Amino acid sequence: MSTVNTTPTPLCLLFDCDGTLVDSEVLLAEVMGEILPEFHLPFSAQQYMDEFRGVRFLTIVQTLERRFQALEESKLSQLEAGMRTRMETRMRAELVAIPGMAAALEQLSSHPKAVVSNGPEPKIRCALESTELGHHFGDKLFSAYTLNVWKPNPELYRQAAAAMGHSPQRCVVIDDAAVGVEAGLAAGMHVIHLNHFPNEEATPEGAIGIQKAHELPAAIARLSA
């Protein structure tokens, strides 16, 4: 007599990069706090952490331009190029994975995985190479700069899910920033909010809140069940 295999298909895991897989937020905040004032746009590292975590760089610049002064197009290109160069140097020298993330990814090896980031693809690759996490994802990297859509627009996660061959209902977004959590919920996906600041930020209704990466496998197991 034949038996029916009732083992469920593993959920597809869509990871944000900065602040979720790698501990890059403070480095990015410091780089922005250095370079933006050089272009006469007042800014501090703490301001990035308080107001702009996970937000597209151009959106940050445009917000500051409205508050202070507009940049010439040539200056804008120079600013972004300088920021990317400084950030890569810092990442190559200092970047580490979020504590517990490497072990969590090993425990989740049976799940298809991708990185879905508001950052450009070279930055994603640099982050994964610097922290030796790249083998968990291979070439499954989805950049807002490539797809031309940025979180909190849910289309970024939807396009990544479609490319991975999974419906939104079978995907789990893992993101630390409000813009990513919002995008995942709007995309109709399960969302796990890696909340680094539980005393300051509330996990939105509909998302699962965890505070440490080692909690992730158990949260995925509960969703799988």
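Residues numbered from 1 in each chain as written. Predicted model: local features only at pLDDT ≥ 70, side-chain atom pairs only at ≥ 80, totals over all residues. Heavy atoms only, no water.

**Q** Please clarify how the nonpolar core should be interpreted in this entry.
**A** Nonpolar side chains in soluble globular proteins tend to end up buried together. Phe 15, Leu 21, Tyr 48, Met 101 and Leu 216 are the most contacted members of the largest nonpolar core, which totals 51 residues. If one sorts the elements of this core by residue count, helix α1 (residues 25-38) sits on top with 7 residues. Apart from residues no more than four positions distant in its own chain, Leu 216 is found in contact with Phe 15, Met 101, Leu 108, Ile 174, Ile 192 and Ile 210. Of all hydrophobic cores here, the second largest spans 21 residues; its members include Cys 12, Val 116, Ala 183 and Ala 207. (Core = buried A, V, L, I, M, F, W, Y, C linked by side-chain atoms within 4.5 Å. Buried < 20%, exposed > 50% of the residue type's maximum accessible area, 1.4 Å probe, protein only. Helix = DSSP H or I, 4+ residues; strand = E, 2+ residues; numbered from the N terminus. Contact = heavy atoms within 4.5 Å.)

**Q** Can you walk me through the side chain of His 136 in this structure?
**A** Considering the arrangement of structural elements, one finds His 136 in the loop between α6 (121-131) and β3 (141-143). Of note is the side chain of His 136, whose polar atom sits 3.2 Å from the side chain of His 135. Not counting the four nearest positions on each side in its chain, His 136 is found in contact with Ala 102, Leu 105, Glu 106 and Lys 113. (Polar contact = N/O pair within 3.5 Å; in protein donor to acceptor, adjacent residues only side chain to side chain.)

**Q** Looking at this structure, how should I read the sheet that holds strand β6 (residues 208-210)?
**A** Backbone-to-backbone hydrogen bonds join strands into a sheet, with any given pair of strands oriented parallel or antiparallel. Across the sheet, 6 strands lie side by side as β3-β2-β1-β4-β5-β6; this open sheet has parallel pairing. A single partner strand is all that each edge strand has here, and the edge strands are β3 and β6. Within this sheet the neighbouring strands show an average axis-to-axis angle of 25°, counted without direction. Helix-sheet contacts for helix α8 (residues 155-164) involve β1 (12-15), β2 (113-117), β3 and β4 (171-175), and the interaxial angle to β2 is about 155°. Contacts from helix α10 (residues 216-224) reach β1, β4, β5 (190-194) and β6 within the one sheet, and its direction differs from that of β5 by about 165°. (Pairing = 2+ DSSP bridges. Axes fitted to C-alpha atoms, helices over the stretch in contact; angles between N-to-C directions.)

**Q** Could you clarify how one ought to interpret the pattern of salt bridges in this entry?
**A** A side chain with one charge can pair with a side chain of the opposite charge if their charged atoms come near. In this structure the tally under the stated criterion is 16 salt bridges. Note that Glu 80 and Arg 84 form a salt bridge whose closest N and O atoms lie 3.1 Å from each other. With a gap of 4 residues between them, Glu 80 and Arg 84 both fall in helix α4 (residues 73-94), about one helical turn apart. Where Glu 155 meets Arg 158, a salt bridge forms, and the shortest distance between an N and an O atom there is 3.8 Å. With Glu 155 and Arg 158 both in helix α8 and 3 residues apart, the pair spans about one turn of that helix. It is possible to trace a salt-bridge network through shared partners that takes in Asp 16, Lys 151 and Asp 175. (Salt bridge = Lys/Arg side-chain N within 4 Å of Asp/Glu carboxyl O.)

**Q** Help me understand unusual backbone geometry, please; the structure alone is not making it clear to me.
**A** Leaving glycine out, the prevailing phi sign among residues is negative, and the prevailing peptide bond configuration is trans. The step from Lys 151 to Pro 152 runs through a cis peptide bond, and the omega angle for that step is 20°. Here Pro 152 lies in the loop between α7 (144-147) and α8. With phi around 65°, His 40 is a residue other than glycine that occupies positive phi space. In this structure, His 40 sits in the loop between α1 and α2 (45-52). With phi around 60°, Asn 148 is a residue other than glycine that occupies positive phi space. When you line up the elements, Asn 148 lands in the loop between α7 and α8.

Read these as geometric descriptors, not functional statements.
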